[in-house]
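Descriptive structure summary
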Amino acid sequence: MDAEAPDKIARRVLLEARNSIIDAMGAGEWNRLTTREKAYVCRKAAKCLHDMERVLEFMSYETDERRL
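Below is a summary of the structure that appears in this document. Everything numeric here is computed off the predicted structure, so don't read it as measured data.

Reading the values: rules and limits
- Residues numbered from 1 in each chain as written.
- Predicted model: local features only at pLDDT ≥ 70, side-chain atom pairs only at ≥ 80, totals over all residues.
- Heavy atoms only, no water.
- Helix = DSSP H or I, 4+ residues; strand = E, 2+ residues; numbered from the N terminus.
- Buried < 20%, exposed > 50% of the residue type's maximum accessible area, 1.4 Å probe, protein only.
- Areas by Shrake-Rupley, 256 points an atom, 1.4 Å probe, with all protein chains shown as cover.
- Salt bridge = Lys/Arg side-chain N within 4 Å of Asp/Glu carboxyl O.
- Axes fitted to C-alpha atoms, helices over the stretch in contact; angles between N-to-C directions.
- Parallel < 35°, antiparallel > 145°, perpendicular 65-115°, else oblique.
- Left-handed = near helix turned anticlockwise from the far one by under 90°.
- Contact = heavy atoms within 4.5 Å.
- Nonpolar A, V, L, I, M, F, W, Y, C, P; charged D, E, K, R; others polar.
- Patch = residues over 30% accessible without salt bridge, like charges linked within 9 Å, V, L, I, M, F, W, Y side chains within 5 Å.

So, on to the overall build of the chain. Looking only at helices and strands, the chain features 4 helices and 0 strands. Its helices and strands taken in sequence order, the chain reads α-α-α-α from the N to the C terminus. The buried share of the chain, taken over its 68 residues, is 12%. Of the roughly 6100 Å² of accessible surface on the chain, a fraction of 56% belongs to carbon and sulfur atoms.

What follows is the structure, encoded as structure tokens:
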């Protein structure tokens, strides 16, 4: 793996997380949020991404998608 690969992966994961949040909320609802509210939602999503146990379950395919 080259030195730039982890950065590319992290950027891609963050982009997918942002797009998933917007899809789940709807673009109109997302655009109505204040910057502070958007930051709160993104911070909560990032905490989930940093939950190592949840990530390992996801990577091992043992977790039901509805639980995520």
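Applying the stated criterion to the full structure yields 3 salt bridges. A salt bridge links aspartate 7 to arginine 11, with the nearest nitrogen and oxygen atoms 3.0 Å apart. Of the two residues, aspartate 7 and arginine 11 both sit in helix α1 (residues 5–25), 4 residues apart, roughly one turn of that helix. In this structure aspartate 7 comes out as partly exposed when scored by relative accessible area, which is 42%. Two residues, glutamate 29 and arginine 32, come together in a salt bridge whose shortest N-O distance is 3.3 Å. Residue glutamate 29 and its partner arginine 32 are both found in helix α2 (residues 27–32); the two are separated by 3 residues, about one turn of the helix. Classification of glutamate 29 as partly exposed rests on a relative accessible area of 36%.

The next subject is the packing of α1 against helix α3 (residues 35–49). Packing of α1 against α3 brings their axes to within 11 Å, and their N-to-C directions diverge by 125 degrees. In terms of orientation, α1 and α3 fall into the oblique class. Between α1 and α3 lies a crossing whose hand is right-handed. Judged by residue contacts, Val13, Ala17, Ile21 and Met25 of α1 engage Val41, Cys42, Ala45 and Leu49 from α3. The residue inventory of the contact of α1 with α3, partitioned by class, reads 8 nonpolar, no polar and no charged.

A few words on a nonpolar patch on the surface. A contiguous nonpolar patch, built from Met1, Ile9, Val13, Leu14 and Leu49 and spanning about 530 Å² of accessible area, is present on the exposed surface. Top contributing element to the nonpolar patch by residue count: α1, with 3 residues. As for its position among the elements, leucine 14 is in helix α1. The exposed category is assigned to leucine 14, whose relative accessible area is 54%.

As far as function goes, none of this settles anything; it's purely spatial.
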